[in-house]
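Residue strings, one per chain:
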Amino acid sequence: MAGRATTVVDANVLLNLATPVADGRSKAPSGEDPLLALLSAYDVHAPECVLGEVSDAMGSDDLLSAAAETVMKASHHLTTHDVADALDESLDYGLDAGESRAIWLTNELDADLFVTDEFNTTNYLLVGMALDDRNVLFTTPHVLCELATHDLLDAGYVDAALTYYVETKNWDREYVELLRTRRLYS
């Protein structure tokens with residue numbers, strides 16, 4: 001990838017990218033680290049409250065907590081911003097504070113990408129409307145395919161990871177298959 005594009009992420013993106021690394025079960029893809037691939041390929045930014053949401057997920061003995069610990073260990077590779085005063089309340093789109101502040105930060109930084117996992121909901125359309133430039137709206141599966149396209153993740157790993165996410169996170173199968181066809185194996 002030429003240069004490091006400015007990218008804003010929300011908590012779910014970070015947690016989802018860390019999940020396969022933290023998941024010790026045999027169905028989890030192995031051999032790559034999608035979170036570190038993202039953090040090394042892009043100039044990643046997030047509102048401080050996003051790391052707060054990740055931190056809140058820690059402390060139990062489950063996969064989400066393990067993924068949160070993985071994110072926190074890698075958090076020094078991203079830039080956080082105190083945007084608490086930027087919005088008095090969350091956007092009126094059914095989004096939480098982290099997502100709302102990440103959208104605000106995306107607009108403020110004139111970021112190249114805003115990555116979200118809201119694609120399984122109608123919120124995705126509303127997020128696009130809240131962004132100054134809806135062309136910066138990307139999903140985690142799209143970014144995974146881009147990382148493979150640029151040889152930052154193995155295509156076979158991304159293929160396995162996409163299947164893993166469809167099966168464990170209920171990502172939209174049709175959307176993921178379309179990305180596989182158009183982005184991963186084009």
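Residues numbered from 1 in each chain as written. Predicted model: local features only at pLDDT ≥ 70, side-chain atom pairs only at ≥ 80, totals over all residues. Heavy atoms only, no water.

Caption draft 1: Representation of helix H8 (residues 155-169) within the structure. For H8, with 15 residues, the first-to-last C-alpha span of 20 Å sits near the 21 Å given by 1.5 Å per residue. Among the residues making up H8, those that are buried are Tyr157, Val158, Ala161, Leu162, Tyr164, Tyr165 and Val166. For H8, the secondary structure elements touched by its buried residues are helix H1 (11-22), helix H2 (34-41), helix H4 (63-74), helix H7 (140-149) and helix H9 (173-184). At the N-terminal boundary of H8, the capping side chain belongs to Asp154, with an oxygen 2.9 Å from the backbone nitrogen of Gly156. Trailing H8 by a residue or two, Asn170 shows a phi angle of about 60°, which is positive. (Helix = DSSP H or I, 4+ residues; strand = E, 2+ residues; numbered from the N terminus. Expected span 1.5 Å × (residues − 1). Buried < 20%, exposed > 50% of the residue type's maximum accessible area, 1.4 Å probe, protein only. Contact = heavy atoms within 4.5 Å. Polar contact = N/O pair within 3.5 Å; in protein donor to acceptor, adjacent residues only side chain to side chain.)

Caption draft 2: Geometry of the sheet that holds strand E1 (residues 6-9). The strand order across the open sheet formed by five strands is E3-E2-E1-E4-E5, and the pairing between neighbours is parallel. Lying at the two open borders of the sheet, with one neighbouring strand each, are strand E3 (79-81) and strand E5 (137-139). Neighbour-to-neighbour, the strand axes of the sheet open up by a mean angle of 30°, direction not taken into account. Pairing of strand E2 (residues 43-47) with E3, which is carried by three bridges, proceeds in the parallel orientation. Residue pairing across strands places Ala46 opposite Thr80, the latter belonging to E3. Against the sheet, helix H6 (residues 123-130) contacts strand E4 (113-116) and E5, and its axis sits at roughly 150° relative to E5. With respect to the sheet, H7 is in contact with E4 and E5, its orientation differing from that of E5 by roughly 80°. (Pairing = 2+ DSSP bridges. Axes fitted to C-alpha atoms, helices over the stretch in contact; angles between N-to-C directions.)

Caption draft 3: Structural context of the packing of H1 against H2. Two elements in contact, H1 and H2, have axes separated by 7 Å at closest approach and are oriented at 130°. By the criterion of interaxial angle, the relationship of H1 to H2 is oblique. Counting all contacts with H1, which are made through Leu14, Leu17, Ala18, Pro20 and Val21, the residues of H2 involved are Pro34, Leu35 and Leu38. In the contact of H1 with H2, the residues fall into eight nonpolar, no polar and no charged. (Parallel < 35°, antiparallel > 145°, perpendicular 65-115°, else oblique. Nonpolar A, V, L, I, M, F, W, Y, C, P; charged D, E, K, R; others polar.)

The quantities given are spatial measurements derived from coordinates; they are silent on function.
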